[in-house]
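Survey of secondary and tertiary structure
Here's the letter readout for the chains.
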Amino acid sequence: MTLTDEITRAGEKAVAIIAEAASLDELKAAEPTIFGKKSALGSFKKSLGGLDPDERRQVGRHLNAVRDEVGEALARRREQLAAVERRRLLEAERLDLTEVPTSPRLGHAHLVSQAQERLEDVFVGMGFTVAEGPEAETDWYNFEALNIPRWHPARSMWDTLYLDLGDGDNVVLRTHTSPVQIRVMQNQGPPIYSVMPGRVYRRDTADASHMPVFHQIEGLVVDRGITFGDLAGTLDAFTAAYFGESISSRLRPSYFPFTEPSAEFDITCVICGGEGCQTCQRTGWIELGGCGMVHPNVLRNVDIDPEEYSGFAFGFGIDRLALMRHGVEDLRQMFTNDVRFLSQF
Ligand code: PHE
């Protein structure tokens, strides 16, 4: 075989290797065997030295032509493979915009917020306004103004969390919404028909029916001629409006420093309808909250004359209400923020 033929054969072989490369990486790996010093095409240069000038020129020209061809084949293949790889990448990272839902899934208010909003609605429907106050309160608003002096044994009714603001134990996380009563009476004065929902704090260990942070709604009425009958009637009207006509309320004597007389108010057990079951400990009643006639000392603390005005107040937990309403067994579930639980309500 002549040298010219050998060169042609080597060129064909190189072109075949190039065609066989299935990826850019394979092509790159094959390059030394196509053009490198040790490749067939690389080795012919040396052989040229042994030829006479005429032949050398001829064979040399042929060699260059073949090398050019192989070079072009390589460039073309590289271009092809790059296009394939680009296409593969585009396919892999493709976003099908037609798959985006036309109406994205929206969140909704938390179970407790829903209960709070419904309670507000019911009371607003009865002519009450809604008031709010700070969660960090001074001792005066949370206790003192509510007729609970520092030495008062009733302080132990509230396991209090104190804020260390370098001011002794003067600032607390409010243990109930009652300090908002004081603020409303100070800012507005009678006549007052308000409810005061909000977050409250107690030094409690979380269990199935307690959380260190929970929610209360408080009601306050101060006007001329307000009686205990108004309190009982208001709570009954609220109970029927919120729970339905089949549920009624009752009052039991109790004690709170800021109300006199004080009462605990119960509603017909919503689980058994008053028959008696495990939830109501076979009594047919469930305790909802506390209430009473505003203590004259409390009115005096905010410069309202107890000879001229009287009032009542009540307060109960919102979380436990929501828990009862939806048959949730463990209060803690409401606050672990598990979407699978929350999305059910
Ligand atoms: N503030 C009381 C509590 O949290 C509840 C209450 C409110 C009682 C208003 C009477 C009147 O325990």
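Residues numbered from 1 in each chain as written. Predicted model: local features only at pLDDT ≥ 70, side-chain atom pairs only at ≥ 80, totals over all residues. Heavy atoms only, no water.

1. Points about the site of the ligand
As a matter of local geometry, the ligand sits amid 15 residues, with H176, S178, R202, Q216 and E218 nearest to it. The separation between an oxygen atom of the ligand and a polar side-chain atom of R202 is 3.0 Å. Between the ligand and Q216, the relevant distance is 2.9 Å, taken from an oxygen atom to a side-chain nitrogen or oxygen of the residue. For the ligand, the protein covers 93% of the area, taking 330 Å² as the surface of the free molecule. Per-element tally for the shell around the ligand: the top contributor is strand β10 (residues 310-317), with three residues. Broken down by class, the residue content of the shell around the ligand amounts to six nonpolar, seven polar and two charged. (Near = heavy atom within 4 Å. Polar contact = N/O pair within 3.5 Å; in protein donor to acceptor, adjacent residues only side chain to side chain. Areas by Shrake-Rupley, 256 points an atom, 1.4 Å probe, with all protein chains shown as cover. Helix = DSSP H or I, 4+ residues; strand = E, 2+ residues; numbered from the N terminus. Nonpolar A, V, L, I, M, F, W, Y, C, P; charged D, E, K, R; others polar.)

2. Here we look at the packing of helix α1 (residues 3-20) against helix α3 (residues 40-48)
Viewed as axis vectors pointing N to C, α1 and α3 meet at an angle of 160°, and their least axial separation amounts to 9 Å. When the axes of α1 and α3 are compared, the pair comes out roughly antiparallel. Judged by the twist between their axes, the crossing of α1 over α3 is left-handed. Facing α1, whose interface residues are L3, E6, I7, A10, G11 and A14, α3 presents A40, L41, F44 and S47. (Axes fitted to C-alpha atoms, helices over the stretch in contact; angles between N-to-C directions. Parallel < 35°, antiparallel > 145°, perpendicular 65-115°, else oblique. Left-handed = near helix turned anticlockwise from the far one by under 90°. Contact = heavy atoms within 4.5 Å.)

3. Observations concerning the nonpolar core
Ranked by internal contacts, the top residues of the largest apolar core, which has 42 residues, are F238, L288, F314 and F316. The set of elements that each furnish at least two residues to this core consists of α5 (111-125), β6 (213-223), α8 (228-243), β8 (259-268), β9 (285-294), β10, α10 (318-326) and α11 (339-342). Ranked by the residues each element gives to this core, the list is headed by α5, at six residues. Ignoring any residue separated from it by four or fewer positions in sequence, one finds L288 in contact with F238, F243, F265, D266, I267, F316, G317, L321 and M324. Core analysis: the second largest hydrophobic core is formed by 24 residues, I148, W158, M185 and L220 among them. (Core = buried A, V, L, I, M, F, W, Y, C linked by side-chain atoms within 4.5 Å. Buried < 20%, exposed > 50% of the residue type's maximum accessible area, 1.4 Å probe, protein only.)

4. Details of the sheet that holds strand β2 (residues 136-138)
Spatially, the three strands line up as an open sheet ordered β2-β4-β3, and their pairing is antiparallel. Each end of this open sheet is capped by a strand with a single partner; those strands are β2 and β3 (161-163). In this sheet, adjacent strand axes meet at a mean angle of 40° when their direction is disregarded. For β3 and strand β4 (residues 171-173), the ladder comprises three bridges, and the chain directions are antiparallel. From the neighbouring strand, L163 faces β4, where its bridge partner is V171. (Pairing = 2+ DSSP bridges.)

5. Quick notes on the pattern of salt bridges
Applying the stated criterion across every chain yields a total of 14 salt bridges. Between E135 and R199 there is a salt bridge; the shortest N-O distance is 3.4 Å. Remark: R199 occurs in strand β5 (residues 192-201) and E135 occurs in the loop between β1 (129-130) and β2; sequence separation between them is 64 residues. Given the relative accessible area of 26%, E135 is considered partly exposed. The network of salt bridges with common partners includes D139, E144, R150 and R155. (Salt bridge = Lys/Arg side-chain N within 4 Å of Asp/Glu carboxyl O.)

6. A few points about the sheet that holds β5
Each strand in a sheet pairs with another by means of backbone hydrogen bonds, the pair being arranged parallel or else antiparallel. Strand order in the open sheet formed by seven strands is β1-β5-β6-β10-β9-β8-β7, and the pairing between neighbours is mixed. In this open sheet, the two edge strands, each paired with only one partner strand, are β1 and β7 (249-256). Across five bridges, β9 lies against β10 in antiparallel orientation. Across the sheet, the residue bridging to G292 is A313, located in β10. With respect to the sheet, helix α7 (residues 178-187) is in contact with β5, β6 and β10, its orientation differing from that of β5 by roughly 140°.

Any functional reading would require information beyond the geometric quantities listed.
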